[in-house]
Structure formats: structure tokens, C-alpha cells
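One letter stands for each residue in the lines below.
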There are 2 protein chains.
Amino acid sequence: MKIIVDAFGGDNAPLEVIKGAAMAVEQLGVEIILTGNENKIKAAAAENNISLNGISIIHTESVIDIHEEPTSIIKERSDCSMALGLKALADGKGDAFVSAGSTGALVVGATFIAKRLKGIKRAALAPILPTDKGYMMLVDAGANVDCRPEMLVQFAIMGSCYMERVLKVNSPKVELLNVGAEDTKGRDIEIQAYKMLQNAPVNFAGNLEARDMPNGDCQVVVSDGFTGNVALKLYEGMGSYFSHTLKDMLMSSFSGKLAALLIMKKVKAFKKKMDYSEIGGAVLMGISRPVIKAHGSSDANAFYNAIRQAKNCVDGDVIGEITRSLDMIKSESKTGSEVK
Amino acid sequence: MKIIVDAFGGDNAPLEVIKGAAMAVEQLGVEIILTGNENKIKAAAAENNISLNGISIIHTESVIDIHEEPTSIIKERSDCSMALGLKALADGKGDAFVSAGSTGALVVGATFIAKRLKGIKRAALAPILPTDKGYMMLVDAGANVDCRPEMLVQFAIMGSCYMERVLKVNSPKVELLNVGAEDTKGRDIEIQAYKMLQNAPVNFAGNLEARDMPNGDCQVVVSDGFTGNVALKLYEGMGSYFSHTLKDMLMSSFSGKLAALLIMKKVKAFKKKMDYSEIGGAVLMGISRPVIKAHGSSDANAFYNAIRQAKNCVDGDVIGEITRSLDMIKSESKTGSEVK
């Protein structure tokens, strides 16, 4: 299997990307294609004694910055490391793509270069969040600030396929992020989506109030991209607020440090669970091949885990499963209209 | 000063309401008017040795349930304890109103019985949330799932007046909850509201990404009611998830319990900060007199604090300050059009 990785995406590029890629070659048995400045990649690898065995390079000197207009990836930056990676993906040179670069550019680039899956209205950003009982996927967490109800149904299907195929959750519970439990709650989009989700090929369990997100009773949370982005960032923000509070409780005095020794194992387990670098990245769902958005501040371990996640998407045939689910709806609605 | 309190709102009515009211009479020197079944109130007070000195009662046997349609407060439930409290407020029998009953019914009832302030387009629910540096107000946290940009500007003004007059924050920083920092981020409503907030009589500091909410750098967070409700509930949900995790770290083993003893003071301080019952309730902003929505599960202490908060709104003349700010915009826009 070949995973294409943008060597110049994220705050720690290219060194941490190269390290993560080398770890993936060694531990996962995959081949890696890095995109970006070949001289710089080779120099960084040589300086840090990183083997480039199993790693090939598609050279370009151009990089898209996170402050650039996302659409520039299909215009003046169409030769950047992210664009070339997506092009290689579209051309079948690799099985999946990983980048820690600009989210906006990745959404635009993946949509127009690697292309959406047939029948999918919009790509959606889907991070995996830790919960009390495991993990949940949030779709959409920011690719589309304005959504229509039928898009939310597709988000539900894509999230279900991922959780079932990659995280091996049997019949994952899907819920709609809303302001109350009743089916009359929310704006027009939630009221319409609720009705449509009841007939969708997913295990729809109704509305989810945000206070229940950390419980982990639900494995796929469906939302428009604006609300989802706010929820994602607040989830992350509260997580780091608590980590910081806990650190202050344990590290700012002698008795605190003593207490820390006593509960070290549990504190470490909690921190590991909240650590995004262990989870991988957010999946950009709805593209013809697996695309993973790694966190901007990813280190080698985070890149390794994002590559592992990309491999799991390929191994689990998430894209095939989404296609089959979409076909199922299509043929059902056909039968429905024939009956009429 | 007279504070009207719905004796039959919330999970712990009427006993905890009566206890909180008696505490308020004793400690704050206010008079209380309770609305609800007089016999039941007197029986509960007698059974629990609570003095009803300084407390009068407006009798009704009707109560509005949280599962009832909110609009029933102005129809078949127009004689319920919440409605009679709002009517007494409108008639000037008291200076402020507190209820832990149905939020929806309170929004409808306050709007149509106690009436909106002149010029205010919509009432907004504004809870006070704890942050790393103190407290912030979130407006709107759920009264209006659909909003227009000019409503968000009014939310900003009302939140500013409260933080300045009640929590004594000098020139409180106002930010717009959004998916990015740039003024081009968000949906049409955020883009329009951003422009309007720049010219509003508030200390507008730009967009706020949800991950920065717990930091406490901003004291008034402005949002449409749908997004605000999701943010509020996630804030609360993450808070209790963390409290529960901390409890598990400290209470599930002998070494944990030992650690708990060592950091007890800091844990208690943190729990007190996160405890809504210490803060009071959410303010229903935009009504002609102060209205406080206490948490549904309020105990006596929470009711006492909600009454204290109502008193502070009256003492700080929040309503007067809002009226003056609205007049300022009106006269400015008049001058503006005259100049044209």
C-alpha cells in the first residue's frame, strides 16, 4: 500500500513529517510518497539520520500557506506540495493522502483535484473525539458553514461507514446535534434532517444535546459545519483547560507534587486519551479516496498515527462501503417512486 | 426591594425555593413574593421550620410543566405560578422575577406578559459561565434558534450592560462566536454582524473561536441562540465530565484518596468555581424588568444566589443602562441620516 504525505504541511514540516513517515514504513509496512522540496527533505533526513527506505519523493518547491486563500490551491498554487499530493492520489499513484496543511485548501483541493465520490454533495471534515466510553466521529466539523438537510444525511452515512469499518463499532449509533431531544426542536434544517435520518440506512437514535457528547453513548454526531466547528473547538478548548487546571493542582506546590505521584498512572491515561496525536487526524469524508487532515501542530507520532489511520481506511474499504450505502438509498428511492 | 419568585418552578419546588427565599430575606434584606399554591407553601414552611417573615404569597394552583408547549403560558396556563409572577412584575408589584421553570415558557411569558424593552427585537437567554480568569456572559444561549445580525448587536449591548453594571467589569470585551478570527469567516449572519458590531457602543474585539472560551479573555460572547445553546450545553457537559474524571482519579483507590487529601483545597476551589448554584441563573435579557432563569435542578443555595443576582440587576440599573445604550444608537443613526 502507498500513502502519499504532504511533507510541507503543518507547523513542524518537513522534519516531523519525515520522521513519522519513516516510522510508518518500518512499523506498518507501507510505502510512502512525500511531496515537497526534494533537496530539503533529503537534507533533513541526512542531518537527523532518518532512513528514506520505502519513501519516494514528488518534487516541488511550492508550498501553500495557511493564510492563503483556500481556492489558490487550484489557481496560483496548483503546483504546491498539497496539490501535487492530491493529483498523485487522483492519478492512482497512491491509495490515500495525508496533510497537516491548511484545512480550507485541503477541502477545496480534495474536492476539485481528487474529486468527490459520485453522488456526494459536499466533502465533510470529520475528526475523531475521545469520550468517556471510547471515541466518536463528528461530521461536519467545519468544511461547510451552510448546509442543507440532505447533506446531513450523507454525513451520517459516511460517519457510520468509518466507525464501522475502521473503529470496528458494530452498528454505530448516529445522533443529530440539536438544542433538545424532541423531533420538533431546532431550526428548519434539523427538523427536516431528523425526518430524513429516520429513513436513512444508519442506526439513527434521535437528537443529541451537546452536554451528552462526552458521555460516549453515541458514535457518530451529525451537524452542520458551523455548529460542528464550534463544538469541535470547544471540545478541544475545554480539554486543554482541564489539563492545565489539573497540572496547576498537581504541580504548583509540594503537596500537589506528592499527590501527582500517587495518581500518576490515571493522570497519564487521561492525558493520553485526550491527546489528538494518538488518534490520528480528521478524515475528509466524501472524497473518492481516503484523505486525512492531520493537526497543524502534529509531531512525528501524530503523523505516524495519521498515516496509520489512512491505512486503516484503505484496509477497511471505507470508500467502497460509502458507495454501497449510497447505491442502496438510490435503488430504494427508485423502488419508492416505481410504487407510486 | 421586592423580588417575585415562582415557588413551583424547577425539580425541587416548592421546598428549596422557600428555603432560598427565606435565606434571601434574612441575608439580603429584600422582600419576597412567592407565586403558587398558598396551602402547600405554608405547609412546607411549617414542616421545615422556615420563617415566612418578609414573604408574601400570590396564590394559584396551576403550574406549567416543562413538557408543556411554551405558548400555553399565554393560553390555557395563563393562571400558572410563572404567569402570575410575570403579571405581578408587569404590574409593578415587584422589581424582578426569578423562576426555575420551563425556559421556553419563561421566554414566551416574559415577552408577552412582562413585555420586551422598547426597541429590543428579541429577548435573549444569557447564562454566566466560569472561565480561567473569572466569568463571561453568553448571549444568546437558546431563546432564538434563528437570528438576524441586528439582533446579535442588541445581544452585545445587553451583555455589556450586565457585565459592567452587575459584575463590575470595566469596558467588558465583546466577541462574536465564529469559526475563525478573520472578518470574512462564518455565515452571512456573522459577516454582517461583525461589520455592525464595529460601530456599536460596545468594546468589540472581533471573532472568538470556541477553543478560547475557557481562557476568559473575553467577557461577553455573542452568538445566535442555536450555536449558543450547543456551546452552553457542551461547556456544562465537559465541566461535569471533567469533575467525574477527577473524582475517579481521586476516589477509586487508596492512593487516590491520599492524593485527594493533599490537594483538597484546590479541588474544592475548582468545584466551587464550576458550580452553577454559586453563580445564580441565566439572565433573560431584553425584558422591561430583570428576569432570572434559575437552573432546573436548583437547590436552596442556587435559589438564594439567583435572587441575589436579581437584586444586583436592580441595584445596578441594568435595564436603565440598556435603554440609554439603545437611545444612543437611535440618536446616532438619526444624526447619521441627517448628515446624509
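Our subject is the structure listed above.
Since this is a predicted model, take the numbers as computed values, not measurements. The numbering scheme is per chain: residues are counted from 1 as the chain's sequence reads. Labels follow written order: the first chain is A, the first ligand is 1, and so on. A pLDDT threshold of at least 70 governs which residues receive local features in this predicted model, and a stricter bar of 80 or more applies before side-chain atom pairs are shown or counted, although totals over entire chains, interfaces and linings include all residues. The side-chain figures draw on all heavy atoms in the structure; neither hydrogens nor water molecules are used.

**Things to note about the sheet that holds strand β4 (residues 96–99) of chain A**
Residue and element names in this part refer to chain A. The sheet built from seven strands is open, its strands ordered β3-β2-β1-β4-β12-β11-β5 with mixed pairing. Of all the strands in the sheet, the pair left with one neighbour each is β3 (55–58) and β5 (124–126). Shown here is a sheet whose adjacent strand axes are inclined to one another by a mean of 25°, direction ignored. Where strand β1 (residues 2–6) and strand β2 (residues 31–35) come together, five bridges link them in parallel fashion. Looking at the pairing, Asp6 lines up with Thr35 of β2. By definition, residues are in contact when any of their heavy atoms lie within 4.5 Å. Structural elements are reduced to axes, namely lines fitted to C-alpha atoms, with helices fitted over the stretch in contact, and the angle between N-to-C directions of any two is expressed from 0 to 180 degrees. Each helix corresponds to a stretch of at least 4 residues labelled H or I by DSSP, and each strand to a stretch of at least 2 residues labelled E; elements are numbered beginning at the N terminus. Against the sheet, helix α1 (residues 15–28) touches β1, β2 and β3, its axis set at about 165° to β2. Along the sheet, helix α3 (residues 81–90) contacts β1, β2, β3, β4 and β12 (291–293); its crossing angle with β4, the most-contacted strand, is approximately 170°. Only when DSSP finds a minimum of two bridges between them are two strands counted as paired.

**Thoughts on the pairing of strand β6 (residues 128–131) of chain A**
In the case of a regular strand, side chains alternate between the two sheet surfaces. Residues and elements named next belong to chain A. Relative accessible area decides the class of each residue, using a 1.4 Å probe on protein chains only: under 20% of the type maximum gives buried, over 50% gives exposed, and in between gives partly exposed. Burial along β6 is two-sided: the face carrying Ile128 and Pro130 and the face carrying Leu129 and Thr131 are both buried. The pairing of β6 with strand β7 (residues 134–139) spans four bridges and is classified as antiparallel. Counted as the bridge partner of Thr131 is Gly134 from β7. Remark: two residues form the turn of the hairpin made by β6 and β7, two consecutive strands paired antiparallel.

**A look at the packing of aromatic side chains**
To describe a pair of aromatic rings, one takes the distance between the centres and the angle between the planes. Within 6.5 Å between ring centres, the rings of Phe, Tyr and Trp (the latter by its six-membered ring) count as paired, and their orientation is classed by plane angle as stacked under 30 degrees, edge-to-face over 60, tilted in between. Under the counting rule described, the total for this entry stands at seven aromatic pairs over all chains. Geometrically, the ring pair formed by Phe242 of chain A and Phe270 of chain B is edge-to-face, given 6.3 Å between the ring centres and 90° between the ring planes. In this pair, Phe242 of chain A is assigned in helix α7 (residues 225–251) and Phe270 of chain B in helix α8 (residues 254–274), connecting two distinct chains. Residue Phe270 of chain B is classed as buried on the basis of its relative accessible area, which comes to 6%.

**Comments concerning the relation of the copies chain A and chain B**
To line up the copies, we fit them by least squares on C-alpha atoms, keeping just the residues with pLDDT of at least 70 in both. Mapping chain A onto chain B calls for a screw motion: a turn of 180° about the axis and a shift of 0.0 Å along it, with 0.0 Å RMSD after fitting. Taken together, these values place the two copies in the relation of a two-fold axis. Considering only C-alpha atoms, the residue of chain A closest to the rotation axis is Ala259 of chain A, which sits at 2.0 Å. Both copies present the same face, since 100% of the interface residues in chain A are matched by interface residues at the equivalent positions in chain B.

**Comments concerning unusual backbone geometry**
All names here are of chain A. A cis amide bond links Ala13 to the next residue, Pro14, at an omega of 0°. With respect to the helices and strands, Pro14 occurs in the loop between β1 and α1. A cis amide bond links Val139 to the next residue, Asp140, at an omega of 5°. Relative to the helices and strands, Asp140 is located in the loop between β7 and α5 (149–165). Look at Lys115: it is not a glycine, yet its phi comes out positive at around 75°. Relative to the helices and strands, Lys115 resides in helix α4 (residues 103–115). By relative accessible area, which is 48% here, Lys115 ends up partly exposed.

**Side note on the interface of chain A and chain B**
Interfaces are often sized by the accessible area lost when the parts come together. Counting residues at the interface gives 47 residues for chain A, matched by 48 residues for chain B. For any pair of parts, buried area is found by adding up, for both, the accessible area (1.4 Å probe) each one loses once the two are put together. Roughly 4,400 Å² of surface becomes buried between chain A and chain B when both sides are summed, with 74% attributable to carbon and sulfur atoms. For chain A, the biggest contributors to the area lost against chain B are Phe226, Tyr241 and Met249 of chain A; these three give 16% of the whole. By definition here, a salt bridge exists when the distance from a side-chain nitrogen of Lys or Arg to a carboxyl oxygen of Asp or Glu is within 4 Å. On the surface where chain A and chain B come into contact, there are six salt bridges. Between Glu209 of chain B and Lys233 of chain A there is a salt bridge; the shortest N-O distance is 2.4 Å. Among the elements of the structure, β8 (173–178), α7 and α8 (254–274) of chain A are those that each provide at least two residues to the side of chain A that touches chain B. Considering each element in turn, the side of chain A that touches chain B owes the most residues, 20 residues, to α7 of chain A. Each residue gets one of three labels, nonpolar for Ala, Val, Leu, Ile, Met, Phe, Trp, Tyr, Cys and Pro, charged for Asp, Glu, Lys and Arg, and polar for the others, Gly among them. Here the side of chain A that touches chain B is composed, by residue class, of 23 nonpolar, 13 polar and eleven charged.

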